[in-house]
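Fold and contact review
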Amino acid sequence: MDGRGRVRPLPLGEAMKIAALVHFYPPFRNAGSETMLHRMLQRLQKAGHQVKVFTTHLPDAPDRYVYDGIPVASTNIVVAQQLLKEFNPEVIITHHGNSVRALKVARQICAKSVFLMHNDFDISKAILYRSPDLVVFNTRWMQEKFRWYRGQSLVVHPPIWAEDHRTTPGDCVTLVNLNEHKGSLVFYELAQRMPHVRFLGVVGGHGQQIIRRDLSNVTIQDHTDDMPGDVWSRTRILLMPSLYESYGMAGVEALASGIPVIANPTNGLTESLGHAGIFVHRDDIDGWQREIERLLDPRQWEAASKRAKQRSAELDPSAELDAWVDAIEELCVGTVRLMSPTGTIVRVAEDKAERLLPMGYRPLDGSSETPKRRGRPRKRTGDHSDPQD
């Protein structure tokens, strides 16, 4: 979880200020969207950029904190927008509920806007019509569904580093997130049918949790950010009878330990689990029971575990994170922001900026010279281990 990938120093003047305006953030909310954003911001920070997060719906968080090196300001939406403007980033990243506000602030300060699209819901689709400068789809199936979108976009699957999750599997049949949409009713029905099997239910980061303590073979694990220690080390089979998954990070995390995953064949889960997935339709309870019983055979489990590890190796996020950094840096290539004599912020081409300085325009950094270009593309090699590339 350290944003690893290729590492190289940034030449003077190329580091950018990058902000995220979001509702939640780890460790106070550890759902998939927040985890994905955090890892993407870590990668930008490791590339040499100044990153800061502004959250609006974390009542349990302190006003200021740092998580894995990322500084976070926790407040309400009014103050967050003001702090964001004072930070004056060149790029604003957003998703979910704060997207409209983030795009508005970006236009006010002539920052570039980036929208992370985690699902194909109408509320997300509506953001596309607001023309963010960059859209990041979290799956290829979603990019294909919105192929009519003509703005700049790329695919970044939720980054998961296998070594952060790899452990020795345990002996439970597990469901992560006990809300109804994730399949808690399926989970409890299977536990009732199979009293000889140990089940582990993990309290999730979103949705109304359905927690039953009347089944002796079901253990409830509180919401945790230590998935390897608290969950995967106790899990032998992961269930994902989700009504909807745009990708399914929990499944990919489980694959790293060779844990077989039985899943409802949503678009996201078929893309993420690939050939390692064991697919059963959500309402086919008998089918779920048959697959669990089959995997209780050590030989069947070993074969499925081998496929899981193979799939995990195929999902290394390095290349997509490199493309992500490139895309962010290229957003501002060849342009600078200036403050006009009337106090309006404008973004202009570098050659035009030089002509505007004598007319009373000034760079936003307060200097009297044309600011250096931000996000200039750098020549890179395929060697991720050489910090001098």
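The structure presented is a predicted model; accordingly, all values stated were derived computationally and were not measured. (Residues numbered from 1 in each chain as written. Predicted model: local features only at pLDDT ≥ 70, side-chain atom pairs only at ≥ 80, totals over all residues. Heavy atoms only, no water.)

What follows deals with the overall build of the protein. Along the backbone of the protein there are 13 helices and 17 strands. Taking 389 residues into account, the globule formula puts the C-alpha radius of gyration at 21 Å, and the protein, at 23 Å, falls close to it. Buried positions account for 56% of the 389 residues belonging to the protein. By sequence separation, contacts in the protein at least 24 residues apart represent 61% of the contacts at least 6 residues apart. Accessible surface, the protein as shown: approximately 16,800 Å² in total, 49% of it carbon and sulfur. On the protein, the mean spot of the 49 positive side-chain charges and the mean spot of the 47 negative ones are 5 Å from each other. (Helix = DSSP H or I, 4+ residues; strand = E, 2+ residues; numbered from the N terminus. Rg over C-alpha atoms; globule rule 2.2 N^0.38 Å. Buried < 20%, exposed > 50% of the residue type's maximum accessible area, 1.4 Å probe, protein only. Contact = heavy atoms within 4.5 Å. Areas by Shrake-Rupley, 256 points an atom, 1.4 Å probe, with all protein chains shown as cover. Lys, Arg positive; Asp, Glu negative; His and termini not counted. Charge placed at Lys NZ, Arg CZ, Asp CG, Glu CD.)

Let us look at the side chain of Arg-337. Along the chain, Arg-337 turns up in strand β15 (residues 335-339). This buried residue, Arg-337, is left without a salt bridge; Glu-90 holds the nearest opposite charge, at 5.2 Å. Reaching out from Arg-337, the side chain makes a polar contact with the side chain of Asn-88 at a distance of 3.0 Å. Only 2.9 Å separates the side chain of Arg-337 from the backbone oxygen of Ile-109, close enough to count as a polar contact. Every residue in contact with Arg-337, bar those within four places of it in the chain, is listed here: Asn-88, Pro-89, Glu-90, Ile-109, Cys-110, Ala-111, Ile-345, Val-346, Arg-347, Pro-363 and Leu-364. (Salt bridge = Lys/Arg side-chain N within 4 Å of Asp/Glu carboxyl O. Polar contact = N/O pair within 3.5 Å; in protein donor to acceptor, adjacent residues only side chain to side chain.)

A few words now on the pairing of strand β4 (residues 70-74). With four of five residues buried, β4 is to be regarded as a mostly interior element. Of the pairings in the sheet, the one linking strand β2 (residues 50-55) to β4 comprises three bridges and is parallel in character. Among the inter-strand pairings, Val-53 is bridged to a residue of β4, identified as Val-72. Two strands pair when backbone bridges link them, and strand β3 (residues 64-67) and β4 are joined in this way by four bridges, in the antiparallel orientation. For Val-66, the partnering residue across the bridge sits in β4 and is Pro-71. Linking β3 back to β4 in an antiparallel pair, the connection comprises two residues, with Asp-68 at a positive phi of about 50°. (Pairing = 2+ DSSP bridges.)

Spatially, the eight strands line up as an open sheet ordered β3-β4-β2-β1-β5-β6-β7-β8, and their pairing is mixed. What marks the edges here is a single partner per strand, and that holds for β3 and β8 (153-155). The average undirected angle you get between the axes of adjacent strands in this sheet is 25°. As defined by bridge partners, strand β7 (residues 134-137) adjoins β8 across three bridges and the pair is classed as parallel. Considered in β8, the bridge of Phe-137 is made with Val-155. On the sheet, helix α2 (residues 77-87) packs against β1 (17-22), β2, β3, β4 and β5 (91-94) and is oriented at approximately 165° with respect to β2. Along the sheet, helix α12 (residues 318-330) contacts β1, β5, β6 (112-117), β7 and β8; its crossing angle with β8, the most-contacted strand, is approximately 165°. (Axes fitted to C-alpha atoms, helices over the stretch in contact; angles between N-to-C directions.)

Along helix α6 (residues 184-193), the positions that sit buried rather than exposed are Ser-184, Val-186, Phe-187, Tyr-188, Leu-190 and Ala-191. Contacts from the buried residues of α6 go to β9 (172-176), β10 (199-202), β11 (218-221), β12 (235-240) and α10 (285-295).

Glancing now at the state of the cysteines. Tallied over the full model, the rule gives zero disulfides. For Cys-110, which is in no disulfide, the shortest distance to another cysteine sulfur is to Cys-332 and amounts to 11 Å. (Disulfide = S-S within 2.5 Å.)

Moving on, we get to the packing of aromatic side chains. The tally for this structure, following the rule as stated, stands at nine aromatic pairs. Considering the side-chain rings of Phe-28 and Tyr-65, the 5.1 Å spacing of their centres and the 75° angle between planes classify their relative orientation as edge-to-face. Of this pair, Phe-28 sits in the loop between β1 and α1 (32-46) while Tyr-65 is found in strand β3, placing the two residues 37 residues apart along the sequence. Judged by its relative accessible area of 33%, Phe-28 is partly exposed. Aromatic pair Phe-146 and Trp-148: ring centres 6.0 Å apart, planes at 75°, arrangement edge-to-face. Judged by its relative accessible area of 3%, Phe-146 is buried. (Phe/Tyr/Trp six-rings, centres within 6.5 Å; stacked < 30°, edge-to-face > 60°.)

What follows concerns the environment of Ala-319. One can find Ala-319 in helix α12. On the basis of relative accessible area, Ala-319 is assigned to the exposed category, the value being 57%. With 163 residues separating them in the primary sequence, Ala-319 and Val-156 have C-alpha atoms 9.4 Å apart.

Moving on, we come to the nonpolar core. Counting residues in each nonpolar core, the largest one holds 36 residues, and the members touching the most others are Tyr-25, Leu-41, Ile-93, Val-114, Trp-324 and Ile-328. When residues no more than four places from it in sequence are discounted, the contact partners of Trp-324 are Met-40, Leu-44, Ile-93, Val-114, Leu-116, Val-136, Leu-154 and Val-156. Grouped together as the second largest cluster of nonpolar side chains are 26 residues, Val-186, Tyr-188, Ile-278 and Ala-304 included. (Core = buried A, V, L, I, M, F, W, Y, C linked by side-chain atoms within 4.5 Å.)

Sheet architecture is open: six strands sit in the order β11-β10-β9-β12-β13-β14, paired in parallel fashion. With partners counted over all chains shown, the strands left at the sheet margins are β11 and β14 (278-279), one partner each. Docked against the sheet, α6 engages β9, β10, β11 and β12, running at close to 160° with respect to β10.

With that settled, the discussion passes to unusual backbone geometry. Here Pro-26 and Pro-27 are connected by a cis peptide whose omega angle stands at 0°. Mapping Pro-27 onto the fold places it in the loop between β1 and α1. Look at His-96: it is not a glycine, yet its phi comes out positive at around 55°. Inspection of the secondary structure assignment puts His-96 in the loop between β5 and α3 (99-108). Despite not being glycine, Ser-131 has its phi angle at roughly 55°, a positive value. Within the secondary structure, Ser-131 sits in the loop between α4 (122-128) and β7.

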